[in-house]
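Each chain, written out:
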Amino acid sequence: MINFDDLYSVLTAVVPLYVTMFLAYASVKWNIFSPQQCGGINRFVAIFAVPLLSFEFISRINPYKMNLKFIAADGVSKVLTLIVLFLWTNLSKNGSLDWAITMFSLSTLPNTLVMGIPLLKSMYGDDKESIMVQAVVLQCIIWYTLLLFLFEYREAKNLILTSGGGNNISNNNSSSISNSNSQRNDESFWEVQERVERTTRNEDDIVNVIQSLNRVAPAIATAVDDDKRELHLFIWRCRCCSSPGVCEQSVEVCNRENEKAESVEEPNIIESQGSPSMLKKLLKMVCFKLVKNPNSYASILGLSWALASCRWGIKKPQILENSVTILSDAGLGMAMFSLGLFMASQPKLIACGNRLAAYGMVARFVAGPAVMAVASIGVGLRGTILQVSIVQASLPQGIVPFVFAREYNLHPDVLSTAVIFGMIISLPITMLYYILLGL
């Protein structure tokens, strides 16, 4: 049973994260950071701190001494969840790729590194710490990489669909835009500009993105006007102009030319949406973006180093070790700092609303452990390891999925609420699972 010393060790790991989060929250309320600076901080966390943290953590493990049954149970539980969400997305009229990605994060990616290791070590002994380390490694290598793939796939799909004309946007994309506007009072101009800069690297891509935003320009302009911000000039090329730059014709002429071209091109685009060529284009865009994302290969490099070091006794040079740890040590703290910045920018504490917050808690603390229990029993886990696998699945929401959700602007309000309130209520819930499984 957990004693006071064990409880104190858990609080020692968790309380500093809340201190960091509240400092970030206060810095926004005191106008220390602007919205653009907050976005830059989250981008730093997603591109530098998290990949280096993953590399540093994974490179220290011994891949040759892992519990294969636990690994199988963890993999089966997540695959089962993906299958259910995939069927719901494609067979249900209410299915949504956006919510499938979010529900996968909520139900299968717990905060094992910060809370899982000290908490389950206190519950089940020091020898079970290695199980939690293995769970973290699997998350970094496989499931965070898959999560990034889903984010990039969604972004590439939306970019392809919207670049062909506003009338052929799918219902799911339209509903997601509507939900985003209602929840966040329209996407700000600065966030649109940041997304354009992130997803475009050449002139043709810039043209496609700008044309896709033409139909939502009034909403953006309204949001910018409301915020008393100055519009920045996008570089674009209209169909009635010969070169990039400001439109050479009047706004009315430009709009007529664009509408004529869209009316001609739209049938071909609609016809090709389900074609193999479009799927090939989607995958090509996604694999290209993943190659450029440090999170994609940080885990692979870490695992490769771990395999080599355990096999041949190779150690990292001290200069490399220090170069990595100087930023990786700040990974979790900066992730919580980004969470506090986002929380302060929302109009209310429960950013996503009470109903979505309740759904998130059910997915995190009920659905996740239930699927993990079925998978664990199915692969033959018994005894203490079975209990560890279920309790591990009942931990609060992981912080890294929120960083990715904020970076890709997909329900960060839901993920932030799950992290904040999940860490508050997780200890009594985890204790309840621990007591019930021990009966």
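Residues numbered from 1 in each chain as written. Predicted model: local features only at pLDDT ≥ 70, side-chain atom pairs only at ≥ 80, totals over all residues. Heavy atoms only, no water.

(A) Highlighting the nonpolar core. Leu-120, Phe-151, Phe-404 and Met-423 are the most contacted members of the largest nonpolar core, which has 84 residues in total. Among the elements that make up this core, the one with the highest residue count is helix α6 (residues 129-163) (17 residues). When neighbours within four sequence positions are excluded, Phe-404 is seen to be in contact with Val-50, Tyr-144, Leu-147, Leu-148, Phe-151 and Asn-295. Core analysis: the next-biggest nonpolar cluster, separate from the first, contains 7 residues, Ala-24, Phe-337, Leu-341 and Ala-344 among them. (Core = buried A, V, L, I, M, F, W, Y, C linked by side-chain atoms within 4.5 Å. Buried < 20%, exposed > 50% of the residue type's maximum accessible area, 1.4 Å probe, protein only. Helix = DSSP H or I, 4+ residues; strand = E, 2+ residues; numbered from the N terminus. Contact = heavy atoms within 4.5 Å.)

(B) Main features of helix α15 (residues 331-345). Between its first and last C-alpha, α15 extends 21 Å over 15 residues, near the 21 Å set by a 1.5 Å rise per residue. Counting buried positions along α15 gives 11 out of 15 residues, so the element sits mostly inside the fold. Among all positions of α15, only Gly-331, Ala-335, Met-336, Phe-337, Ser-338, Leu-339, Gly-340, Leu-341, Phe-342, Met-343 and Ala-344 are buried. (Expected span 1.5 Å × (residues − 1).)

(C) A look at unusual backbone geometry. Unusually for a residue other than glycine, Asn-31 sits at a positive phi of about 60 degrees. Topologically, Asn-31 is positioned in the loop between α1 (4-29) and α2 (35-58). For Asn-31, a relative accessible area of 66% translates into the label exposed. Of note in the backbone geometry, Asn-409 takes a positive phi value of approximately 55 degrees without being a glycine.

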